[in-house]
Amino acid sequence: MKSALSVKDLSLNIGGAKILDGITLDVAPNETLGIIGPNGAGKTSFFNLLSGIRKPSRGQIFVGDVETTNLQPHECARAGIARTFQTSSVFVNLTCLENVRIAAQAANGQSMNLTKNAYKFTEVVQTAHDCLAKVGLTARAMQRAGSLSHGDKRRLEIAIVLASQSDIVLLDEPMAGMSVENVPELVEIIRALATEHKKTVLIVEHHMEVILGLADRIAVLNYGELLVCDTPQNVINNPIVQSAYIGEAL
Ligand SMILES: Nc1ncnc2c1ncn2[C@@H]1O[C@H](COP(=O)(O)OP(=O)(O)O)[C@@H](O)[C@H]1O
Ligand SMILES: [Mg+2]
């Protein structure tokens, strides 16, 4: 089957430091790929390359057949890659509904001029409401995004991803800063991205039980290199991974 996402020999040097070194990886359509690795391994940098925020020093990125290696962030988004950030990145002064509606509108290829086409506007607002419902935020639709709890902000980000209609979703530590009791709920929302909405999901996460519960395969990064990409069971039992993680919980 054709890959949803392929990277070939992807490398990033910053000021002489090798941040990522020769990453080659294929992600299948509708696969959930977990990405783990110690702090500073290059996980966020990898997402920065995939989403066009940074340009690689070497190598290529393909979304399906389309090469996105040197595209700008908005062009990567148009090619079908959506991402959330390690620190929440919603528009804090807009309502939840407005945050999601902007994404839905952009996906619809519409300008920001809402007065032009009232019918389409109604449609986009409905989509935004649907996406909020899918993450359990209906009651918060008219609330300012900045007033949400941390957990609800992360849900909002996922609603934005859903509204963007991207096929590929990059989640950078979606559980960061969440209280333990809210983790299972967010896990189910993320699971639904693949099972219900048929997205291809790449998720960076430190909670191993979350990764093990969600991922079809796990990629392990260490000092910018891809150590292994395999089934969760094989990754856990891999001696190279175990030695890379000495002193850290796996
Ligand atoms: N803009 C930058 N300039 C210099 N070094 C950077 C920059 N961004 C990240 N790095 C370095 O790249 C390495 C990988 O960082 P990062 O991708 O954030 O890792 P992770 O997300 O796995 O914790 C780290 O050593 C970090 O210090
Ligand atoms: Mg990171």
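Procedures and definitions
Residues numbered from 1 in each chain as written. Chains lettered and ligands numbered in written order. Predicted model: local features only at pLDDT ≥ 70, side-chain atom pairs only at ≥ 80, totals over all residues. Helix = DSSP H or I, 4+ residues; strand = E, 2+ residues; numbered from the N terminus. Rg over C-alpha atoms; globule rule 2.2 N^0.38 Å. Contact = placed C-beta atoms within 7 Å. Pairing = 2+ DSSP bridges. Domains from an automatic or database assignment. Nonpolar A, V, L, I, M, F, W, Y, C, P; charged D, E, K, R; others polar. Expected span 1.5 Å × (residues − 1). Buried ≥ 20, exposed ≤ 12 C-beta atoms within 10 Å, placed from the backbone.

Draft legend 1. Representation of the overall build of the protein within the structure. Within the protein, the regular secondary structure consists of nine helices and ten strands. Here the protein has a C-alpha radius of gyration of 18 Å; the compact-globule value for 250 residues is 18 Å, and the two agree. With the C-alpha coordinates of the protein rotated into their principal frame, the extents come out at 60 × 40 × 40 Å. Excluding contacts between residues fewer than 6 apart, the proportion of contacts in the protein whose partners are at least 24 apart in sequence is 66%.

Draft legend 2. Structural view of the pairing of strand β10 (residues 225-230). Across five bridges, strand β9 (residues 217-222) lies against β10 in antiparallel orientation. Bridge assignment links V220 to a residue of β10, and that residue is V228. Between β9 and β10, which pair antiparallel in sequence order, lie two residues; one of them, Y223, sits at a positive phi of approximately 45 degrees.

Draft legend 3. The sheet that holds strand β4 (residues 58-63), seen in detail. The four strands lie next to each other as β2-β1-β4-β5, forming an open sheet whose pairing is antiparallel. Because the sheet does not close on itself, it has two edges, and the strands there are β2 (17-27) and β5 (66-67). As defined by bridge partners, strand β1 (residues 5-14) adjoins β4 across five bridges and the pair is classed as antiparallel. Considered in β4, the bridge of S11 is made with R58.

Draft legend 4. Region of interest: the domain arrangement of the protein. Domain assignment breaks the protein into domain 1 (1-80 + 167-250) and domain 2 (92-165). The C-alpha-based centres of domain 1 and domain 2 are spaced at 26 Å. Contacts between the two partners involve nine residues from domain 1 and, on the opposite side, nine residues from domain 2. When grouped by side-chain class, the residues that make up the side of domain 1 that touches domain 2 number six nonpolar, three polar and no charged.

Draft legend 5. How the structure looks around the environment of M142. Turning to its location among the elements, M142 is positioned in the loop between α4 (118-134) and α5 (150-163). Sequence separation between M142 and L94 is 48 residues; the distance between their C-alpha atoms is 8.9 Å. Each residue touching M142, except ones within four places of it in the same chain, is listed here: T95 and L97.

Draft legend 6. Molecular detail of α5. Compared with the 20 Å implied by 1.5 Å per residue over 14 residues, the 20 Å span of α5 between its first and last C-alpha is a close match. Among the 14 residues of α5, twelve are classified as buried, and the element is accordingly described as predominantly covered. Every buried residue of α5 is accounted for by D152, K153, R154, R155, L156, E157, I158, A159, I160, V161, L162 and A163. A positive backbone phi angle near 60 degrees is found at Q165, which sits one or two residues after α5.

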